[in-house]
Amino acid sequence: MFGVWKRVDTLTLWNNIKEYPKASILSLFQTDAKRAESFSFAHDGIFFDFSKTHLTADLLDKFGALAQSLGIDQKISALLSGERINVSENRAAEHSAERGVGAETSIENAQLLQNRMKALIGAIDAGALGEIEHIIHLGIGGSALGPELLIDALKIGDEKYDTAVVSNIDGSALEPVLEKFDAHKTLLVVASKSFTTAETFLNTESVLSWMKQEGVDDPFGKIVALTADPEKALEWGVDESRILPFSETVGGRYSIWSSIGFSVALTLGVEAFEDLLAGAKTMDEHFRDQPFEQNLPVLAAFCDQYYLQSCQYETRAVFSYDERLRLLPDYLQQLEMESNGKSVSIEGEQLTLNSAPITWGGVGTDAQHAVFQLLHQGTQVVPVEFLAVSESGHSLDPAHHQGLLLNCFAQGAALMAGKPSDDPHRNYPGDRPSVTILLEQLEPSTLGALLAFYEHRTFVNSALLGINPFDQFGVELGKEMARKLSDTDGNQLDPSTEQLKKRAFGA
């Protein structure tokens, strides 16, 4: 599909894309009888359909020239070989090494730490920590979103342990869990890369207090710590045998593949966790080995950048037409917006391109009766991503699942085709793009590959923009402000914020 490229000025290449004439999606189907086939790809039980977008062979050629000029292939190689690609923090980004793709020493270290995790799981299953029926997993951000998504999506209802993932500092999130669980049969999992996360440790103290009030003799004996700083966990009081480290080069929002996945492996079983890693590895290898025109994360990023830079569409919606994937939009919000929500380049220069779109979404068919009015007839055009699973996750009448899938497919068709009417209130403009991702089954391997796809897509978007997706300094400012507000030494912020503080807490 791609021709021979010459390295030319990047600005010119971007302008070629921005100025590319946009034909309607329907006209693209009319002029290419094989469009549905040409713009769809299968990967190990997952089908990706990009045909209802404005991508064309010519536009992909232009993106290919841009990608070659920017050295995207070298950047992919650098990422997956363990080079120090996180330049602002001077370290590698080695989440793929947890799956077996990366620097040899990093893969070996990851396997050693995974074996340590499996040994602890075996001991817990055998009763080494007493009778355990409940798991409370405390974390926030990447230390919670991934575990919660995977447990919610892959549980089948007969798990040995009842697991609750709690991230919010709001006591209303934690209290119902404590009311439901038996403190004497509860394992507390504390997940924090730095082992200093304020929200996580306030929740931890509340759980420990609950255990003591319920008469648990040694609450600290029921703690497992997941961290990249094991010394801090040891100093805090966790026994070394129950500290599961992971590498500092694994970022928080990419950490589900590491020891942060402990609660997933304990709840769903080690074999399921291994299948998750294996599925992700297939996507790593695909990303590393396939040319741009067949490379799923690269193609998806090309699509993202076309709508972001050329069309100026500022949001992207993700709708899961499967209740088991209801938490996926939340997971992707952090992955995409925390990674690529930057305003300066790697060199520290102000971006001249739009950074990450706002990622949002929901669950079909609920969303059809809430937000799809805007998607079909609003003044804003929102590229949509539909996710569905061919095989249902329940034993009810097959009509449930058939209706769900038909609604999913119909929405994509309707967004594209629209429906003209002389009545302006009933006119649907159409030509609204969507991508559909269809899994044959929702199982650890396919979900692993899907999440790895999104990680690599996010990376390619960052490489096209010239930004570092592996730092998140913007997250720290709010935390700093919160510390100042809680300080009793007279630190004050703006009058509006001080007024709110007084209203809430009293003068």
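Residues numbered from 1 in each chain as written. Predicted model: local features only at pLDDT ≥ 70, side-chain atom pairs only at ≥ 80, totals over all residues. Heavy atoms only, no water.

Caption draft 1: Layout of the overall build of the chain. Assigned secondary structure in the chain consists of 19 helices and eleven strands. By the compact-globule yardstick of 23 Å for 507 residues, the chain fits well, its C-alpha radius of gyration being 24 Å. For the C-alpha atoms alone, the extent of the chain along its principal axes is close to 75 × 55 × 55 Å. Looking at the chain as a whole, 51% of its 507 residues qualify as buried. Partitioning the intrachain contacts of the chain with sequence separation of at least 6 by distance along the chain shows that 74% fall at a separation of at least 24. Averaging the coordinates of the 40 positive side-chain charges in the chain and doing the same for the 71 negative ones gives two points 4 Å apart. (Helix = DSSP H or I, 4+ residues; strand = E, 2+ residues; numbered from the N terminus. Rg over C-alpha atoms; globule rule 2.2 N^0.38 Å. Buried < 20%, exposed > 50% of the residue type's maximum accessible area, 1.4 Å probe, protein only. Contact = heavy atoms within 4.5 Å. Lys, Arg positive; Asp, Glu negative; His and termini not counted. Charge placed at Lys NZ, Arg CZ, Asp CG, Glu CD.)

Caption draft 2: Structural view of the packing of aromatic side chains. Inspection of every chain in the model, using the stated rule, returns 18 aromatic pairs. Each ring, one from F201 and one from W236, has its centre 5.3 Å from the other, and the planes form 80 degrees; the classification is edge-to-face. Placement of F201 in helix α9 (residues 198-213) and of W236 in helix α10 (residues 230-236) is noted, with a sequence separation of 35 residues between them. Taking the ring centre of F39 as reference, the NZ or CZ of R35 above it sits at 4.4 Å. For R99, the ring lying beneath its charged end belongs to W257, and the centroid distance is 4.5 Å. (Phe/Tyr/Trp six-rings, centres within 6.5 Å; stacked < 30°, edge-to-face > 60°. Lys NZ or Arg CZ within 6 Å of the ring centre and 35° of its normal.)

Caption draft 3: View of the pairing of strand β3 (residues 134-138). Here β3 lies mainly inside the structure; five of its five residues are buried. As judged from the five bridges shared by β3 and strand β4 (residues 162-166), these two strands associate in the parallel manner. Residue pairing in the sheet places I136 in a bridge with A164 of β4. For the crossover that starts at β3, traverses helix α7 (residues 142-154) and ends in the parallel β4, the hand is right-handed. Inspection of the sheet shows β3 paired to strand β5 (residues 186-191) by five bridges, in the parallel sense. The residue bridging H134 from the neighbouring strand is T186, located in β5. (Pairing = 2+ DSSP bridges. Right-handed = clockwise from strand over helix to strand, strands pointing away.)

Caption draft 4: Looking closely at the sheet that holds strand β9 (residues 358-363). The strand order β1-β2-β11-β10-β8-β9 describes an open sheet built from six strands, whose pairing is mixed. This sheet does not close on itself; its edge strands, each paired only once, are β1 (40-43) and β9. Direction aside, neighbouring strands of the sheet carry axes that sit 15 degrees apart on average. Sitting on the sheet, helix α16 (residues 399-417) is in contact with β8 (315-321), β10 (384-389) and β11 (434-439), with an inclination near 160 degrees to β10. (Axes fitted to C-alpha atoms, helices over the stretch in contact; angles between N-to-C directions.)

Caption draft 5: Local environment of the sheet that holds β4. With respect to topology, five strands assemble into an open sheet ordered β4-β3-β5-β6-β7, the strand pairing being parallel. In the strand order of this sheet, the two ends are held by β4 and β7 (243-245), each with one partner. Neighbour-to-neighbour, the strand axes of the sheet open up by a mean angle of 15 degrees, direction not taken into account. Sheet strands touched by helix α8 (residues 171-180): β3 and β4. Its angle to β4, the strand with the most contacts, is close to 160 degrees.

Caption draft 6: Local environment of the nonpolar core. By size, the foremost hydrophobic cluster in this structure holds 105 residues, and its most contacted members are F262, I437 and L450. Residues within four places of L450 in sequence aside, it is in contact with I46, L328, L387, I437 and L439. (Core = buried A, V, L, I, M, F, W, Y, C linked by side-chain atoms within 4.5 Å.)

Caption draft 7: Spatial organisation of the side chain of S320. Looking at the secondary structure, you find S320 in strand β8. Side-chain polar atoms of S320 contact the backbone oxygen of L325, separated by 2.9 Å. S320 has contacts with L325, L328, P329, G362, V363, G364 and L387, leaving out every residue within four places of it along the chain. (Polar contact = N/O pair within 3.5 Å; in protein donor to acceptor, adjacent residues only side chain to side chain.)

Caption draft 8: How the structure looks around the pairing of β5. Most of β5 sits out of view: six of its six residues are buried. Residues T186, L188 and V190 point to one face of β5 and L187, V189 and A191 to the other, with burial holding for every one of them. As paired strands, β5 and strand β6 (residues 223-227) are joined by four bridges and run parallel to one another. Paired with V190 across the bridge in β6 is A225. Tracing the backbone out of β5, into α9 and back to the parallel element β6 gives a crossover that is right-handed.

Caption draft 9: Spatial organisation of the packing of helix α12 (residues 270-289) against helix α17 (residues 444-465). Where α12 meets α17, the axes come as close as 7 Å, and the angle between the chain directions of the two elements is 40 degrees. The pairing of α12 with α17 is recorded here as oblique in orientation. When you trace α12 past α17, the crossing you get is right-handed. Listed contacts from α17 to A272, D275, L276, G279, A280, T282, M283, D284 and F287 of α12 are P444, S445, L447, G448, A449, A452, F453, H456, F459 and V460. Considering only residue class, the contact of α12 with α17 consists of twelve nonpolar, five polar and two charged. (Parallel < 35°, antiparallel > 145°, perpendicular 65-115°, else oblique. Left-handed = near helix turned anticlockwise from the far one by under 90°. Nonpolar A, V, L, I, M, F, W, Y, C, P; charged D, E, K, R; others polar.)

Caption draft 10: Spotlight on the pattern of salt bridges. Following the criterion strictly, the structure yields 22 salt bridges and no others. The salt bridge partner of R326 is E323, with a shortest N-O separation of 3.5 Å. Across the pair R426 and D423 runs a salt bridge whose closest N-O atoms are separated by 2.7 Å. Its relative accessible area of 56% is what places R426 among the exposed residues. A relative accessible area of 24% means that D423 is categorised as partly exposed. Here the salt bridges do not stand alone but share partners, grouping D304, R316, E336, E385 and R457 into one network. (Salt bridge = Lys/Arg side-chain N within 4 Å of Asp/Glu carboxyl O.)

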